[in-house]
Amino acid sequence: MDIELQKVFTCAENINVYNCGEIENYSANRNEYKLILDSWNKMISEAHDMPAFGVSLNNETVKAMKKGLWVEFDFNKVYESNGMPYEKLLIEVKEDNYGFNLIRYTKERGYDGRCFYYDLVNKNMSEFYNLISNL
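Since we're looking at a predicted model, the values are computed, not measured.

**Considerations on the sheet that holds strand S5 (residues 84-92)**
Then step 1. The strand order across the open sheet formed by seven strands is S2-S1-S4-S5-S6-S7-S3, and the pairing between neighbours is antiparallel. A single partner strand is all that each edge strand has here, and the edge strands are strand S2 (22-27) and strand S3 (48-56). Direction aside, the axes of adjacent strands within the sheet are offset by 30° on average.
Then step 2. Against the sheet, helix H2 (residues 31-44) contacts strand S1 (14-19), S2, strand S4 (69-81), S5, strand S6 (99-105) and strand S7 (113-119), and its axis sits at roughly 85° relative to S1.

So this is what it looks like as structure tokens:
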């Protein structure tokens, strides 16, 4: 299903938070899900969707997820934005980042492939980072 990238996040059935390799799953009926989604939407409200130069390698991404803080939007079906399909979108959350890759996941390729990129336009991830790290 083709959808504008900025709008797809509200379609996530689950939000997974990875903190140093530990995973916590938040389904759409949990209060934390709403808190995460509200903070996310506030952070990206004026963001620019840009072509990403980065390409994700599944093995490297899975290894990197064992460190730091990551958020994954799980859609439980295939969506497509800008001609690129995905079932999940993964983001590394770093407090002082002003932009980030959205790493696509599909059953066939895992986390292999081209990414999306968001430029937060004079904002950083600090508020979102603080919320996620204190859940």
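**Concerning the environment of Asn-59**
Then step 1. Looking at where Asn-59 falls in the secondary structure, it is placed in helix H3 (residues 58-64).
Then step 2. It is 9.0 Å that separates the C-alpha atoms of Asn-59 and Gly-110, two residues lying 51 residues apart in sequence.

**What about the confidence of the model for the chain?**
Parts of the prediction with low pLDDT should not have their coordinates interpreted in detail.
Then step 1. A residue-level look at the chain finds 100% of positions with pLDDT of 70 or above and a mean pLDDT of 95.
Then step 2. Considering each helix and strand of the chain separately, the mean pLDDT is smallest for S3, with a value of 84, and largest for S1, with 98.

**Some details on unusual backbone geometry**
The general pattern is negative phi for most residues beyond glycine and trans for most peptide bonds.
Then step 1. In this structure, Val-121 is a non-glycine residue whose phi angle is positive, near 50°.
Then step 2. For Asn-122, which is not glycine, the phi torsion reads 65° and is therefore positive.
Then step 3. Mapped onto the elements, Asn-122 comes out in the loop between S7 and helix H4 (126-133).

**So, the pattern of salt bridges**
Should the charged atoms of two oppositely charged side chains come close, the side chains can pair.
Then step 1. Tallied over the entire structure, the rule returns seven salt bridges.
Then step 2. Here Glu-32 ties to Arg-30 by a salt bridge, and the two come within 3.5 Å at their closest N and O atoms.
Then step 3. One network of salt bridges, in which partners are shared, links Glu-24, Arg-30 and Glu-32.

**Describing the environment of Ile-103**
Then step 1. Tracing the backbone shows Ile-103 in strand S6.
Then step 2. Among the residues examined, Ile-103 registers a relative accessible area of 10% and is labelled buried.
Then step 3. The spacing of Ile-103 and Pro-85 is 18 residues in sequence and 11 Å in space, taken between C-alpha atoms.
Then step 4. Setting aside residues no more than four positions away along its own chain, Ile-103 makes contact with Ser-56, Thr-61, Trp-70, Lys-88, Leu-89, Leu-90, Tyr-111 and Cys-115.

**Focus on the side chain of Thr-61**
Then step 1. Turning to its location among the elements, Thr-61 is positioned in helix H3.
Then step 2. Overall, the relative accessible area of 7% leaves Thr-61 in the buried class.

What counts and what doesn't
- Residues numbered from 1 in each chain as written.
- Predicted model: local features only at pLDDT ≥ 70, side-chain atom pairs only at ≥ 80, totals over all residues.
- Heavy atoms only, no water.
- Pairing = 2+ DSSP bridges.
- Helix = DSSP H or I, 4+ residues; strand = E, 2+ residues; numbered from the N terminus.
- Axes fitted to C-alpha atoms, helices over the stretch in contact; angles between N-to-C directions.
- Contact = heavy atoms within 4.5 Å.
- pLDDT = per-residue confidence, 0-100.
- Salt bridge = Lys/Arg side-chain N within 4 Å of Asp/Glu carboxyl O.
- Buried < 20%, exposed > 50% of the residue type's maximum accessible area, 1.4 Å probe, protein only.

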